[in-house]
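# Observations on chain architecture
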Amino acid sequence: MYTQLEQRGMAEPPVNVATLQKMKADGEAIACLTAYDASFSMLVDAAGTDLVLVGDSLGMVIQGHDTTIPVTVTDIIYHTKNVARGLSRAFLVADMPFMSYADPGQALENSVLLMQEGGAMMIKLEGGEGQLDVVEHLAKHDIPVCAHIGLKPQSVHKIGGFRVQGREPEQAKKMLESAKHLQDCGADIVLLECVPNEVGEAIHDGIDLPVIGIGAGPHVDGQILVLYDILDITPGRKPKFVRNFMTGADTPLEAIRGYVKAVKDRSYPAPEHCFS
Ligand code: KIV
């Protein structure tokens, strides 16, 4: 009965939470990307990406908004369903959009929708001290949780823009404390966005969970980027941590393979992609 779930008819077994923990333990970098549709998710999966996130960044790169705030649970379910159809090996994570997890009951209800209707295997929420009760409630119900800390794009209007977090020692200390509390409450992985290298390293060293970075430097367990950024589709100025993998690649698949390889051999992120 269980072999079906484990194998899904493929050469390599699908990635799950235990695989991510083992990769961390073995020192193998975890290559992660966003995807929003079946065509790209097939490419991302074929390139060997370990974890695929249906991020609320879709509000910006698919829907054309300036922030992720307008994205709804219905939007995420729609895109997660499409992405799920393209995957065979990668672990599928879906974002909880703005205000869809304001209290534990609402968070559980919406997580169930993302998993049952969308096909997500884990949900991601932007959280810190204010979300500990939510994480604990989801963990109690065996909902796998990725806790997104550092720069939290859903808080953009509160924090005054998309800016590097944790540069002040006091703020960095609080972030590390939050990461420890999220772990204690049952989070399974941490996504750390836009922090100086030393904050990335301190959080990696301070907790046992796999830490996936985006603009968090090289001293973490894996990297994630927005697919449209690495394929140079996103117009305008890119964040410092973005590398254009279409340079020198003939096809999107080749570019994504280049990204996975660079994460695995740790040539990405290079110093020019990092914050101090
Ligand atoms: O929504 C998203 O795509 C994200 C990434 C920036 C990690 O959270």
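The structure contained in this document is the topic of the report that follows.

What counts as what
- As a convention, each chain's residues are numbered from 1 in the sequence order in which they are written.
- Reporting in this predicted model follows two pLDDT cut-offs: at least 70 for local features of residues, and 80 or more for side-chain atom pairs to be given and counted; totals over whole chains, interfaces and linings ignore these cut-offs and use all residues.
- In computing side-chain values, all of the structure's heavy atoms are included and hydrogens and water are not.
- Counting from the N terminus, the helices are DSSP H or I runs at least four residues long and the strands are E runs at least two residues long.
- The size measure is the radius of gyration over C-alpha atoms, and the globule rule it meets is 2.2 Å times the number of residues to the 0.38 power.
- Burial status follows relative accessibility: with a 1.4 Å probe on protein chains alone, a residue under 20% of its type maximum counts as buried, one over 50% as exposed, and anything between as partly exposed.
- Shrake-Rupley sampling with a 1.4 Å probe provides the accessible areas, and residues are treated as covered by the protein chains on show and by no other component.
- Cavities and pockets are found on a 1 Å grid laid over the protein atoms alone: a cavity is a set of points where a 1.4 Å probe fits but cannot escape, a pocket is an open set with protein on both sides within 12 Å along at least five of seven lines, and a lining residue has an atom within 4 Å of such a point.
- Grid points are joined across faces, edges and corners, and a volume is the space filled by probe spheres set on the points.
- Pairing between two strands is assigned when DSSP locates at least 2 bridges connecting them.
- Whether a crossover is right-handed comes down to one check: with the strands pointing away from the viewer, does the path from the first strand over the helix to the second run clockwise; if it does, it is right-handed.
- We call a residue near a molecule or strand whenever a single non-hydrogen atom of that residue lies within 4 Å of it.
- Whenever two N or O atoms come within 3.5 Å, that pair is a polar contact, provided that in protein one can donate a hydrogen and the other can accept it, and provided that, for residues adjacent in sequence, both atoms are side-chain atoms.
- In this scheme, a molecule is assigned to a cavity or pocket if more than half of its atoms are within 2 Å of the grid points.
- Throughout this entry, Asp, Glu, Lys and Arg are counted as charged residues, while Ala, Val, Leu, Ile, Met, Phe, Trp, Tyr, Cys and Pro are counted as nonpolar. The remaining residues, Gly among them, count as polar.
- In this description, a line fitted to the C-alpha atoms serves as the axis of each element, helices being fitted only across the stretch in contact, and the angle between N-to-C directions of two axes falls anywhere from 0 to 180 degrees.
- Patch membership requires over 30% relative accessible area and the absence of a salt bridge. Like charges are linked within 9 Å, and nonpolar side chains (Val, Leu, Ile, Met, Phe, Trp, Tyr) within 5 Å.
- Salt bridge criterion: a side-chain nitrogen from Lys or Arg within 4 Å of a carboxyl oxygen from Asp or Glu.
- Under this rule, positive means Lys or Arg and negative means Asp or Glu; His and the chain ends count for nothing.
- Charged side chains are reduced to one point each, which is NZ for Lys, CZ for Arg, CG for Asp and CD for Glu.

To continue, consider the overall build of the protein. Along the backbone of the protein there are 12 helices and eight strands. Relative to a compact globule of 276 residues, whose C-alpha radius of gyration would be 19 Å, the protein shows 17 Å and is just as compact. Projected onto the principal axes, the alpha-carbon positions of the protein cover approximately 45 × 45 × 40 Å. Per-residue burial over the protein gives 54% buried out of 276 residues. Accessible surface for the protein amounts to roughly 12,200 Å². Of this, 53% is attributable to carbon and sulfur atoms.

This part takes up empty space enclosed by the protein. Going through the model one piece at a time under the given rule, you end up with one cavity of 30 Å³ or more. In this model, the largest cavity occupies a volume close to 40 Å³. Leu51, Leu53, Val93, Lys124, Cys146, Ile189, Leu191, Ile212 and Ile224 are the residues that line the largest cavity. Those elements that place two or more of their residues in the lining of the largest cavity are strand E2 (51–54) and strand E6 (189–193).

Before going further, it helps to examine the pairing of strand E1 (residues 30–34). The element E1 is extensively covered by neighbouring structure, given that five of its five residues are classed as buried. The sheet contact formed by E1 and strand E8 (residues 222–225) spans four bridges and is parallel. Each bridged residue has a counterpart across the sheet, and for alanine 31 the counterpart in E8 is glutamine 223. Considered for its hand, the β-α-β crossover made up of E1, helix H3 (residues 38–46) and E2 is right-handed.

A few words now on the site of the ligand. Around the ligand, the structure places Thr34, Leu53, Gly55, Asp56, Ser57, Asp95, Lys124, His148, Leu191, Glu193, Ile214 and Ile224. Between the ligand and lysine 124 there is a distance of 2.9 Å, counted from an oxygen atom to a side-chain nitrogen or oxygen. Taken by itself the ligand offers 260 Å² of open surface, and the protein chains cover 95% of this. With respect to the detected pockets, the ligand is housed in the largest pocket. Of the residues that constitute the shell around the ligand, the class distribution is four nonpolar, four polar and four charged.

Right, let's get into the sheet that holds strand E5 (residues 145–150). As summarised here, the arrangement of the eight strands in space is E1-E2-E3-E4-E5-E6-E7-E8, forming a closed barrel in which the pairing is parallel. The mean inter-strand angle of the sheet, taken between neighbouring strand axes irrespective of direction, is 25°. Examined bridge by bridge, E6 and strand E7 (residues 211–214) share four bridges and lie parallel to one another. By the bridge assignment, valine 190 is partnered in E7 with valine 211.

Quantified by volume, the largest pocket comes out at close to 830 Å³. For the largest pocket, the lining is made up of 34 residues, of which Phe162, Glu193, Asp229, Pro239 and Phe241 are closest to its centre. Those elements that place two or more of their residues in the lining of the largest pocket are helix H4 (58–61), strand E4 (122–126), E6 and E8. Looking at side-chain class alone, the lining of the largest pocket contains 17 nonpolar, seven polar and 10 charged residues. A volume near 320 Å³ is recorded for the second largest pocket. Forming the walls of the second largest pocket are 13 residues, and the residues nearest its centre are Gly150, Lys152, Gln171, Met175 and Ser178. At the level of elements, E5 and helix H9 (169–184) are the ones that each hand at least two residues to the lining of the second largest pocket. Here the lining of the second largest pocket gets four residues from one element, more than from any other, and that element is H9. Looking at the lining of the second largest pocket, its residues break down into three nonpolar, seven polar and three charged.

A few words on a negative patch on the surface. On the surface, Asp103, Glu109, Asp133 and Glu136 cluster together into a patch of negative charge. By the element assignment, glutamate 109 lies in helix H6 (residues 104–118).

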